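# Structure assessment
Here is how the chains run, residue by residue.
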Amino acid sequence: MFRFIASFFTKLIQMMLQVLSSKKHIIHNLLSIYVKTSGGQTVCLDIDPKCDVSHIKKLVAPQINLQPDELKIIFAGKELADDYVIEECDLGQQSILHVVKIKSPKLNEVFRCSTPKANLSPLTESLDYSTFSSEDENTEKPLERKAHFYVYCPNCKGLKQGKLRVRCHFCKSGAFTVHSDPQDWSHVLQPKQITGTCENDPEYCQELLQNCEPTFAEFYFKCSEHVSLGECDQAVPLDLIRPNLRHIPCLACLDVPETMFTFPCQKDHIACLDCFRSYCLSKLLERQFWQHPEHGYTLACPNGCLNSFIREIHHFRLLDDDNYDRYQRFATEEFVLRSGGLLCPQPGCGMGILAEPDCTRITCQQCKYVFCRNCLQGFHIGPCDPVEPSLDAQGNCDVDLNCPVVEDPSRTTIKVITKPCPSCKTPTERDGGCMHMICTRSGCQFHWCWVCQTEWTRECMADHWFA
Amino acid sequence: MAALPRRIIKETQRLMQEPVPGISAVPDDSNARYFHVIVTGPEDSPFEGGLFKLELFLPEDYPMSAPKVRFITKIYHPNIDRLGRICLDILKDKWSPALQIRTVLLSIQALLSAPNPDDPLANDVAELWKVNESEAIRNAKEWTRRYAMDN
């Protein structure tokens, strides 16, 4: 009797385990995808990643009242061939496939026979860094690990691996096939580089363009690390972050990182991501970023290579949130100053103000402080108060400390120990060395003489180069 | 104290294994970021025959910020002040994390041969030295003999 009960229980437990494990197995393996039709209808499918594209066609066709062989499935700029297995397509959970009706199945059959199979694989499959970056041309390609793109994902708030996707430049539909593969970053980052066929509504796009130019592909990236949030789910490509396939050492720490930041200077100047972060941070704290007219507030290769400015400023998202905020603030301040504006001098305010050039009475919109444009003190009638400290040639200040000071002590100290750059008026402290000053403010770099407070000349060099 | 970054270890090893001619840089026993440096005065300069002691310190954020270098031996040179502080662009705004201890010390040695060669006004240096040449060189030689040749 006991034996019977015992065996019954073992059997029961085994059965339960089986059910549990098989259930787990199923849940684990199913892939949830959306198939979008040109009519705007979306079909949700739970499929086994081991099935092929023809299976999807069979599932979708009855739902949209068509035959499977009338359908064409498009993903990431390419039509997927019938025998293509889904798990090889690089589809994530809740990815969107596009299905369109073939205009004439016969014609398509002919076309398909003449097309090599490689062309009918998804774009992301046929692209890898060895073909995508010209820098690998001369080396053999030891691609042990799969190469990938990097993005800044606004949803995950961080650096993530990204996936390349394609849509129509004009109607933004994902039902779009490219005529050729992109060969380098410029094809992807610059608009209208690669032509293709919009399968969504070709007439609409052609009419829109009035046949004056072909339909172009628009490339975009999505984060591969969160479940797709629909067609608007996009991430910024960080094209300078790449896998370090050639094992180049970081210019700062000399380690060979797996993932590198490539400075845009064509000289193999790379940094590991940690060193890139500290490079950005130290330059930021020294206010040594440059306000570039096209790319914005940015940095160049630390080796000073020509034309090596970082174009995509989202790379600075690698800074932590506080410092990225600081980066944005500094960029705005620099922009305001460059545009002839000024910053509210009230401690804790710093509001950017653009005022008429001849207006000297400035009211801050933020804190309502009213100040004089010229001396940045509270507004006054008549000439500004000359509070310039007198400094002798040795840079020693001669200030009467007994004189009553009614203002902010930091401001007084700044006034006492600094002299303004004759070009940009930035208060400058001389902490040693010679009298030859080079303004440290990025974009100014004026050479001036600490003694004369004018441009550095050969007379300065002869008379008082150093004290 | 935080662990020494690999970059500093590598640089120190290389400085020991392949020293730069005319320059010695030895880390302090108690602080691996502090180096005792000796630079020999370059030939055909007023500093020839002198041995100049310097101190070099790698700050916390090295190599993002430049090493701090100072002459300990007194030297008569237009780009070095009486406290031994050096006016050299790569120690200030032209610093790059791709530069190293050895490149800094080589630049300092070069600075002894030619005052501030990277200055945009360097074309005028030769002319300036024509004005003061004999006296400046006499002073520099005298200081070298007096302060840099004791040992």
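Every value quoted in this text rests on a predicted model; they were computed, and no experiment measured them. (Residues numbered from 1 in each chain as written. Chains lettered and ligands numbered in written order. Predicted model: local features only at pLDDT ≥ 70, side-chain atom pairs only at ≥ 80, totals over all residues. Heavy atoms only, no water.)

### Details of the overall build of chain B
In terms of regular secondary structure, chain B is built from 3 helices and 4 strands. Secondary structure elements of chain B, listed N to C terminal, follow the sequence α-β-β-β-β-α-α. Counting all 151 residues of chain B, 44% fall into the buried class. A fraction of 50% describes how many contacts in chain B between residues 6 or more apart in sequence connect residues 24 or more apart. As presented, chain B carries roughly 8000 Å² of accessible surface, and 53% of it is formed by carbon and sulfur atoms. (Helix = DSSP H or I, 4+ residues; strand = E, 2+ residues; numbered from the N terminus. Buried < 20%, exposed > 50% of the residue type's maximum accessible area, 1.4 Å probe, protein only. Contact = heavy atoms within 4.5 Å. Areas by Shrake-Rupley, 256 points an atom, 1.4 Å probe, with all protein chains shown as cover.)

### Section: the sheet that holds strand β3 (residues 51-57) of chain B
Residues and elements named next belong to chain B. A sheet is described by the order of its strands in space; here 4 strands give the open sequence β1-β2-β3-β4, paired in antiparallel fashion. Strands at the two margins of the open sheet, each flanked by one partner only, are β1 (23-27) and β4 (68-71). The sheet shows a mean angle of 20° between the axes of neighbouring strands, taken without regard to direction. In terms of strand pairing, strand β2 (residues 34-40) meets β3 through 7 bridges, oriented antiparallel. Each bridged residue has a counterpart across the sheet, and for Val 37 the counterpart in β3 is Leu 54. Along the sheet, helix α1 (residues 6-17) contacts β1 and β2; its crossing angle with β1, the most-contacted strand, is approximately 135°. Packed on one face of the sheet, helix α2 (residues 101-113) meets β1, β2, β3 and β4 and runs near 35° to β2. (Pairing = 2+ DSSP bridges. Axes fitted to C-alpha atoms, helices over the stretch in contact; angles between N-to-C directions.)

### Notes on the sheet that holds strand β14 (residues 270-272) of chain A
Residues and elements named next belong to chain A. Taken in spatial order, the 3 strands make up an open sheet running β12-β13-β14, and their pairing is antiparallel. Each edge of the open sheet carries a strand with a single partner, namely β12 (241-243) and β14. This sheet shows a mean twist of 40° between the axes of neighbouring strands, independent of strand direction. Against the sheet, helix α8 (residues 273-285) touches β12, β13 (259-262) and β14, its axis set at about 100° to β14.

### Digging into the packing of aromatic side chains
All names here are of chain B. The tally for this structure, following the rule as stated, stands at 22 aromatic pairs over all chains. Plain terms: the ring middles of Phe 52 and Phe 71 are 6.2 Å apart, the flat faces sit at 75° to each other, and that makes the pair edge-to-face. On the criterion of sequence distance, the pair formed by Phe 52 in strand β3 and Phe 71 in strand β4 is long-range, its members being 19 residues apart. The buried category is assigned to Phe 52, whose relative accessible area is 0%. For Phe 71, a relative accessible area of 1% gives the class buried. Plain terms: the ring middles of Tyr 76 and Trp 143 are 5.3 Å apart, the flat faces sit at 65° to each other, and that makes the pair edge-to-face. With Tyr 76 in the loop between β4 and α2 and Trp 143 in helix α3 (residues 123-147), this residue pair connects regions lying 67 residues apart in the sequence. What makes Tyr 76 partly exposed here is its relative accessible area of 26%. (Phe/Tyr/Trp six-rings, centres within 6.5 Å; stacked < 30°, edge-to-face > 60°.)

### Considering the domain arrangement of chain A
Where interface size is quoted, it is often the accessible area lost as the parts come together. Residue and element names in this part refer to chain A. Here chain A is described as being made up of domain 1 (31-130 + 147-237) and domain 2 (247-338). Around 500 Å² of area is buried between domain 1 and domain 2 when both sides are counted, 73% of it from carbon and sulfur atoms. Joining domain 1 to domain 2, the criterion identifies 0 salt bridges. At the junction of domain 1 and domain 2, the tally comes to 2 residue pairs in polar contact (both at pLDDT 80 or more). (Domains from an automatic or database assignment. Buried area = accessible area lost by both parts, 1.4 Å probe. Salt bridge = Lys/Arg side-chain N within 4 Å of Asp/Glu carboxyl O. Polar contact = N/O pair within 3.5 Å; in protein donor to acceptor, adjacent residues only side chain to side chain.)

### Details of the nonpolar core
Counting residues in hydrophobic clusters, the biggest one holds 34 residues, and the most contacted among them are Phe 261, Phe 263, Cys 275, Phe 276, Phe 289, Phe 316 and Tyr 327 of chain A. Counting only elements with at least two residues in this core, the list comes to β6 (149-153), β14, α8 and α9 (321-338) of chain A. Examining the composition of this core, we find that 6 residues originate from one element, α8 of chain A, more than from any other. Aside from chain neighbours lying at most four places away, what touches Phe 316 of chain A is Phe 276, Cys 280, Phe 289, Tyr 297, Thr 298, Leu 299, Ile 310, Tyr 324 and Tyr 327 of chain A. Counting 32 residues, the second-largest nonpolar core is a separate cluster that includes Leu 54, Phe 71, Ile 75 and Leu 112 of chain B. (Core = buried A, V, L, I, M, F, W, Y, C linked by side-chain atoms within 4.5 Å.)

### Overview of α1 of chain B
Residues and elements named next belong to chain B. In this model α1 runs 16 Å from its N-terminal to its C-terminal C-alpha over 12 residues, within 8% of the 16 Å that 1.5 Å per residue would give. Burial in α1 covers these residues: Arg 7, Ile 8, Glu 11, Thr 12 and Leu 15. The arc that holds the buried residues of α1, viewed along the axis, is 130°, so those residues lie on one side. On its buried face, α1 is in contact with β1, β2 and α2. (Expected span 1.5 Å × (residues − 1). Arc of directions from axis to C-beta.)

### Regarding unusual backbone geometry
Pro 63 of chain B follows Tyr 62 of chain B through a cis peptide bond whose omega is 5°. With respect to the helices and strands, Pro 63 of chain B occurs in the loop between β3 and β4. Phi at Lys 172 of chain A takes a positive value of approximately 65°, unusual for a residue other than glycine. Here Lys 172 of chain A lies in the loop between β7 (158-168) and β8 (176-178). The partly exposed category is assigned to Lys 172 of chain A, whose relative accessible area is 41%.

### Examining the environment of Cys 364 of chain A
Its place among the elements puts Cys 364 of chain A in the loop between β19 (361-363) and β20 (370-372). Excluding residues that lie within four positions of it along the chain, Cys 364 of chain A makes contacts with Cys 344, Cys 349, Met 351, Ile 353 and Tyr 369 of chain A.

### A few points about the UniProt feature "domain: Ubiquitin-like" (unreviewed entry) in chain A
Listed under "domain: Ubiquitin-like" (unreviewed entry) in the UniProt record, and renumbered for this structure, are residues 31-100 of chain A. For residues 31-100 of chain A, the helix share is 11%, the strand share is 37%, and the end-to-end C-alpha distance is 21 Å. (UniProt positions renumbered as here; feature names shortened; annotations may be inferred.)

### Some remarks on the UniProt feature "active site" (unreviewed entry) in chain B
Sites flagged by UniProt as "active site" (unreviewed entry) map to Cys 87 of chain B. The topology assignment puts Cys 87 of chain B in the loop between β4 and α2. Leave out the neighbours within four places in its chain, and Cys 87 of chain B touches Cys 434 of chain A together with Asn 79, Lys 92 and Leu 111 of chain B.

### Re the side chain of Ser 32 of chain A
All names here are of chain A. Considering the arrangement of structural elements, one finds Ser 32 in strand β1 (residues 31-37). Residue class for Ser 32 comes out buried when judged on its relative accessible area of 18%. Here the side chain of Ser 32 touches Asp 46 through a polar contact of 2.6 Å, side chain to side chain. Those residues in contact with Ser 32 that sit more than four places away from it in its chain are Leu 45, Asp 46, Gly 92, Gln 93, Gln 94 and Ser 95.

### Some words on the pattern of salt bridges
Pairs can form between side chains of opposite charge whenever their charged atoms are close. Under the definition given, this model contains 16 salt bridges over all chains. Across the salt bridge formed by Asp 181 of chain A and Lys 78 of chain A, the nearest N and O atoms sit 2.9 Å from each other. With Asp 181 of chain A in the loop between β8 and α6 (185-189) and Lys 78 of chain A in strand β4 (residues 78-79), this pair connects stretches of sequence that are 103 residues apart. The partner of Glu 142 of chain B in a salt bridge is Arg 146 of chain B, with the nearest N and O atoms 3.3 Å apart. Here Glu 142 of chain B and its partner Arg 146 of chain B are both found in helix α3, 4 residues apart, which amounts to about one turn of the helix. One network of salt bridges, with partners in common, ties together Arg 167, Lys 172 and Glu 218 of chain A.

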